[in-house]
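Single-letter residue listing:
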Amino acid sequence: MAVQGVIDRYRPLLNIPEYTQTVTLLEGSTPLIPMPKIAEVLGKGCKVWVKFEGLNPTGSFKDRGMTVAISEAVGRGAKAVICASTGNTAASAAAYAARSGLRAIVLIPKGKVAAGKLAGAVAYGADVFQINGSFDDALSLVVEISNRTPIALVNSLNPFRLEGQKTAAFEICDELGFSPDWLCLPVGNAGNISSYWMGFKEYNELKGTPKPRILGVQAEGSAPLVLGHPVENPETIATAIRIGKPARGEQALEAAEESNGRIISVSDDAILSAQCMLAASGVWVEPASAAGLAGLLHEIKAGKFNADGKKITIVCTGHGMKDPDIIAHSMPAPRLITARAEDLEAAILGEK
Ligand SMILES: *Cc1c(COP(=O)(O)O)cnc(C)c1O
């Protein structure tokens, strides 16, 4: 069967209205990449896969939810959509809106959105506004506007976003032929962890596929679900999860508890080092996307997680190309040499 995007692939399993008019960029069906080098570091006889969601059409998992949210909005006759965004939602909303001829309006926290994401939103033709405030402030504003006007809200408060995003859980089970023991992923506004848990629960009821345990990972400076209260000024280098008041916080805590898993936090340094580790296996992800692996390493090191013999899926939510500045910051500039073969040869042979 040809790949047709997540709505066509899983339509009977999606709780969406009859009037939905599919708008797709053939998102989903992302690769589940075996990571043997990382498995070796984590434990004896364990198996690790990365679900590389950075390979969706706009470079993040947001496309899974956006295809459904925009399709529903188009079906009901909406003319414009709005979202608050740390970057990837904006790019995704803009792309799907462009495809269907809707106006996309996005609101971002000034100075806190990676260049590759903002550029995407602009390239797809969105109306981008920024505020001197956080993502959480931006979200309150767009919720208010969507209540006052016919503009459709496409943040993950929109239930159709979750319907689309749960398809990633279906894909993992379909591809492996079983479900992993653990699923590890970053948690920001907490729509994604909630979606995965919905998906795994539904497959469990439908097909008897066992449910995995879920390890949700926040950044230390932005960890409301770990601290148990909102964070007024969230800070982290992982801008996609720089969120102090997660809209789906309750649901995320439920997912962690029901799955017999947990939500933890890790430092920015741990996130950057997990990002390097993934890149060393050929998978370059944006910082937030490395949080799942960072959390796993953190738990193993603390003696709270025995990975021996386990089957583990790490969700890498977005592509490294979205946020190239992070690498520019943490890596030395390439060594400058003169444009002569002898110099190049000496440089190659000389230093390691
Ligand atoms: C949106 C996003 C997240 C966080 O997902 P939530 O559903 O908000 O928890 C993590 N990583 C990337 C790359 C994202 O774009």
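Residues numbered from 1 in each chain as written. Predicted model: local features only at pLDDT ≥ 70, side-chain atom pairs only at ≥ 80, totals over all residues. Heavy atoms only, no water.

1. A look at the environment of Ile33
Residue position: Ile33 is located in strand β1 (residues 32-34). By relative accessible area, Ile33 is classed as partly exposed at 23%. When the C-alpha atoms of Ile33 and Leu344 are compared, they prove to be 35 Å apart, with 311 residues separating the residues in sequence. In contact with Ile33, not counting residues within four places along its chain, are Val48, Trp49, Val50, Phe52 and Val283. (Helix = DSSP H or I, 4+ residues; strand = E, 2+ residues; numbered from the N terminus. Buried < 20%, exposed > 50% of the residue type's maximum accessible area, 1.4 Å probe, protein only. Contact = heavy atoms within 4.5 Å.)

2. Examining the pattern of salt bridges
Enumeration over the complete set of coordinates arrives at 16 salt bridges. Between Arg148 and Glu144 there is a salt bridge whose closest N-O contact spans 2.6 Å. Separated by four residues within a single helix, Arg148 and Glu144 lie in helix α6 (residues 135-148), roughly one turn from each other. Ionic pairing is found between Lys201 and Glu258, a salt bridge with its closest N-O pair at 3.1 Å. Remark: Glu258 occurs in helix α11 (residues 249-258) and Lys201 occurs in helix α9 (residues 191-207); sequence separation between them is 57 residues. Assessed through its relative accessible area of 28%, Lys201 is described here as partly exposed. (Salt bridge = Lys/Arg side-chain N within 4 Å of Asp/Glu carboxyl O.)

3. Examining the pairing of strand β8 (residues 213-219)
The buried fraction of β8 is high, at six of seven residues. Sheet topology note: the strand β7 (residues 182-186)/β8 ladder contains five bridges and is parallel. Bridge assignment links Cys184 to a residue of β8, and that residue is Leu215. In this fold, the crossover linking β7 to β8 by way of α9 has right-handed handedness. Relative to strand β9 (residues 262-266), β8 is paired through five bridges, and the arrangement is parallel. If you follow Leu215 over to β9, its bridge partner there is Arg262. (Pairing = 2+ DSSP bridges. Right-handed = clockwise from strand over helix to strand, strands pointing away.)

Keep in mind these values describe shape, not function.
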